[in-house]
Amino acid sequence: MKNNIAIIGGGNLGSAIAGGLIKNNYLQTGLITVTKRNLSTIKFLQDKGITITNNNREAVENSEVIILAVKPYIVDTVLNEIKDLLVPNKHILISAASGISINHIKEVINTEVTIFRVMPNTAASVNESVTCYSYKKANNTEKEIVANIFNSIGETLDIEEGLQEAATILGACGIAYVLRFMRAMIQGGIQIGFDAKSASRIVYQTVKGAAQILLQEGNHPEQEIDKVTTPKGCTIVGLNEMEHNGFSSSLIKGITASFKEIAKN
Ligand SMILES: NC(=O)c1ccc[n+]([C@@H]2O[C@H](COP(=O)([O-])OP(=O)(O)OC[C@H]3O[C@@H](n4cnc5c(N)ncnc54)[C@H](OP(=O)(O)O)[C@@H]3O)[C@@H](O)[C@H]2O)c1
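Turning our eyes to something else, we now look at the overall build of the chain. Of the regular secondary structure elements, the chain holds 11 helices and 8 strands. Taking all 265 residues of the chain together, the buried fraction comes to 29%. Restricting to contacts in the chain with at least 6 residues of sequence separation, those with at least 24 account for 66%.

So, in structure tokens, the structure goes:
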């Protein structure tokens, strides 16, 4: 099915989604347009066959699926700019703006266009995002269209809208938590003898391998940890030292602190 897609806001996330769709050959089935006011930073998307423009209205008119990827405080401005062009049963409006509810969007646009709220992450650029999506009223075709778009840049989960803030923390902020953990592992690797480049390669592949084990075997992490912890061995000594220093606790506290912060807004 051909659905032209307009991504409004070609920043970190918007460009990552566009890049992921391109990698997945989406252009064979539809046109992708990315908008932003200053186009100089997204010329690389144009080189890949994506239409770039600073005209949001034109992008909406030429598309069926509109993905809003602007900062939350700009959402209302953009909605007010495009709302008279939104046609129920033609357009699907998908908002990636964190903290902006479907009800709020509906109030601003004041039309019966189907609205989805999504929370992808920046691994969309390498087709490895996890995108949690929610809707209030959507038919099966619309759900399929949205799932197909975001499945093309990773995996999707259909969740209650009430869990969108939690999805933001675990999935989108989660990228930063994991990267900081990886940076710390690299620093440790350098201290025990590797140059930065070698330490990085070992850590990247180890993290990828650990994730693949869980994804492919479907085991609980602790089952896999048991396999590498010889009694009295170096792994369990290191792991326990990390736990004595609050490793799991600090991650859980960080996640709940982020969640409290998002809940304030
Ligand atoms: N980054 C993430 O990992 C992530 C993950 C999930 C959800 N989100 C959500 O995605 C949204 C975007 O986040 P981001 O990190 O990608 O922010 P960002 O890098 O600042 O991107 C937003 C882009 O919107 C453009 N923009 C601003 N006003 C515009 C307008 N009137 N019309 C068209 N484009 C406009 C900006 O470019 P110009 O100034 O040149 O116009 C900017 O490049 C946020 O609401 C965030 O909550 C982000």
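Moving on: the packing of helix α7 (residues 164–191) against helix α8 (residues 196–217). Close contact between α7 and α8 brings their axes to 9 Å; oriented N to C, the two are set at 135°. Looking at the two axes, α7 sits oblique to α8. Viewed along their axes, α7 and α8 form a crossing whose handedness is right-handed. Between α7 and α8, the contacting residues are M182, M185, I186, G189 and I190 on the first element and A196, A199, S200, I202, V203 and V207 on the second. Considered class by class, the residues forming the contact of α7 with α8 number 9 nonpolar, 2 polar and no charged.

Spatially, β3-β2-β1-β4-β5-β6-β7-β8 is the arrangement adopted by the 8 strands of the open sheet, whose pairing is mixed. Pairing within the sheet leaves two strands with one partner each, and these edge strands are β3 (51–53) and β8 (154–158). Going from strand to strand, the sheet's axes swing by 25° on average, the running direction of each strand aside. Contacting β1 (5–8), β2 (32–35), β4 (65–68) and β7 (129–135), helix α1 (residues 12–23) crosses the sheet at an angle of about 165° to β2. Against the sheet, α7 touches β6 (114–119) and β7, its axis set at about 40° to β6.

Compared with the 32 Å implied by 1.5 Å per residue over 22 residues, the 31 Å span of α8 between its first and last C-alpha is a close match. Downstream of α8 by one or two residues, G218 has phi in the positive range, about 70°.

Here we take up the domain arrangement of the chain. When its domains are assigned, the chain resolves into domain 1 (5–159) and domain 2 (167–264). The C-alpha centroid of domain 2 is placed 32 Å from the C-alpha centroid of domain 1. Listed by partner, the interface residues are 9 residues for domain 1 and 7 residues for domain 2. For the side of domain 1 that touches domain 2, the residue count by class is 5 nonpolar, 4 polar and no charged.

For the rest of this paragraph, the subject is unusual backbone geometry. The phi dihedral of N127 is positive, around 60°, even though this residue is not glycine. Relative to the helices and strands, N127 resides in the loop between β6 and β7. With 16 C-beta atoms counted inside 10 Å, the residue N127 sits in the partly exposed group.

Time to look at the pairing of β1. Along β1, one buried face is formed by I5 and I7 and the opposite face, lined by A6 and I8, is buried too. Sheet analysis places β1 next to β2, joined by 4 bridges and oriented parallel. Its bridge partner lying in β2, I7 is registered against V34. As judged from the 4 bridges shared by β1 and β4, these two strands associate in the parallel manner. Looking at β4, one finds that I8 is bridged to L68.

Definitions and cut-offs
Residues numbered from 1 in each chain as written. Predicted model: local features only at pLDDT ≥ 70, side-chain atom pairs only at ≥ 80, totals over all residues. Helix = DSSP H or I, 4+ residues; strand = E, 2+ residues; numbered from the N terminus. Buried ≥ 20, exposed ≤ 12 C-beta atoms within 10 Å, placed from the backbone. Contact = placed C-beta atoms within 7 Å. Axes fitted to C-alpha atoms, helices over the stretch in contact; angles between N-to-C directions. Parallel < 35°, antiparallel > 145°, perpendicular 65-115°, else oblique. Left-handed = near helix turned anticlockwise from the far one by under 90°. Nonpolar A, V, L, I, M, F, W, Y, C, P; charged D, E, K, R; others polar. Pairing = 2+ DSSP bridges. Expected span 1.5 Å × (residues − 1). Domains from an automatic or database assignment.

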